[in-house]
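# Summary of the model geometry
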Amino acid sequence: MGYDVNGFTDMHTLLTNERKIGGAIEASRIRLSTGEEFTYPVITNIDFSGSTFYSVGFVTDDGEKYIVNVKDISMMASCQHCPIQELKNSHYKELKTKQRIEYLKRLCEINEGACTPIFEEEVATIINDIGEDAIDRDSELTHLKKEPLKNTFKIA
């Protein structure tokens, strides 16, 4: 389930805090003033100076990367912040999932033997972001899969 994004300030805040909150910003459509229209682009960057936003970077479903001036965008429809596992842009979803898995492997390697609450929280955030099925496909990370409850209680 995605959360609506209400403007460039929200987008910039989400992109700046990507590591802490995960996910990505996906629009259902972006139309440029030239008439080009893109379905399910993922916003990857917002540039600003002072309080003026001047360019937006995004990746199309075909994997093309665009950086356009804000004045060249005629419409951005249904921008939402959603977990990586829920993205409709298959190219970016695959790319970001691979990046998160590599980051997760490195994080586990660095924290080997020390299971702190901060580490557990970051691992849980990443797994919730990319989905447990992505973890299942990687043999090095199967130890992170949640164990089902073994002790079930019946109350008479």
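Going by the structure above, here's the rest.
Summary of the structure given here. Computed from a predicted structure; not experimentally measured.

Basis of the calculations
- Residues numbered from 1 in each chain as written.
- Predicted model: local features only at pLDDT ≥ 70, side-chain atom pairs only at ≥ 80, totals over all residues.
- Heavy atoms only, no water.
- Phe/Tyr/Trp six-rings, centres within 6.5 Å; stacked < 30°, edge-to-face > 60°.
- Helix = DSSP H or I, 4+ residues; strand = E, 2+ residues; numbered from the N terminus.
- Pairing = 2+ DSSP bridges.
- Axes fitted to C-alpha atoms, helices over the stretch in contact; angles between N-to-C directions.

### Details of the packing of aromatic side chains
Scanning the model with the defined rule gives 5 aromatic pairs in all. Summarising the aromatic geometry, the rings of Phe48 and Phe53 are spaced 5.5 Å apart at their centres and angled 50° between planes, so their arrangement reads as tilted. Among the aromatic residues, those joined into a cluster by ring pairs are Phe8, Phe48 and Phe53.

### Describing unusual backbone geometry
Glycine aside, the phi torsion of most residues is negative, and most peptide linkages are trans. If you check the backbone angles, Tyr40 has positive phi at about 55° while not being a glycine. By secondary structure assignment, the location of Tyr40 is in the loop between strand S4 (37-39) and strand S5 (42-49). Unlike most non-glycine residues, Ser78 shows phi in positive territory, near 50°. Examined against the element boundaries, Ser78 turns out to sit in the loop between strand S8 (73-77) and strand S9 (80-82).

### Remarks on the sheet that holds strand S3 (residues 29-32)
Read across the open sheet, the 3 strands follow the order S4-S3-S8; overall the sheet is antiparallel. Each end of this open sheet is capped by a strand with a single partner; those strands are S4 and S8. Strand-to-strand twist in this sheet, taken as the mean axis angle between neighbours without regard to direction, amounts to 10°. Relative to S8, S3 runs antiparallel, the two sharing 4 bridges. Bridge assignment links Arg31 to a residue of S8, and that residue is Met75.

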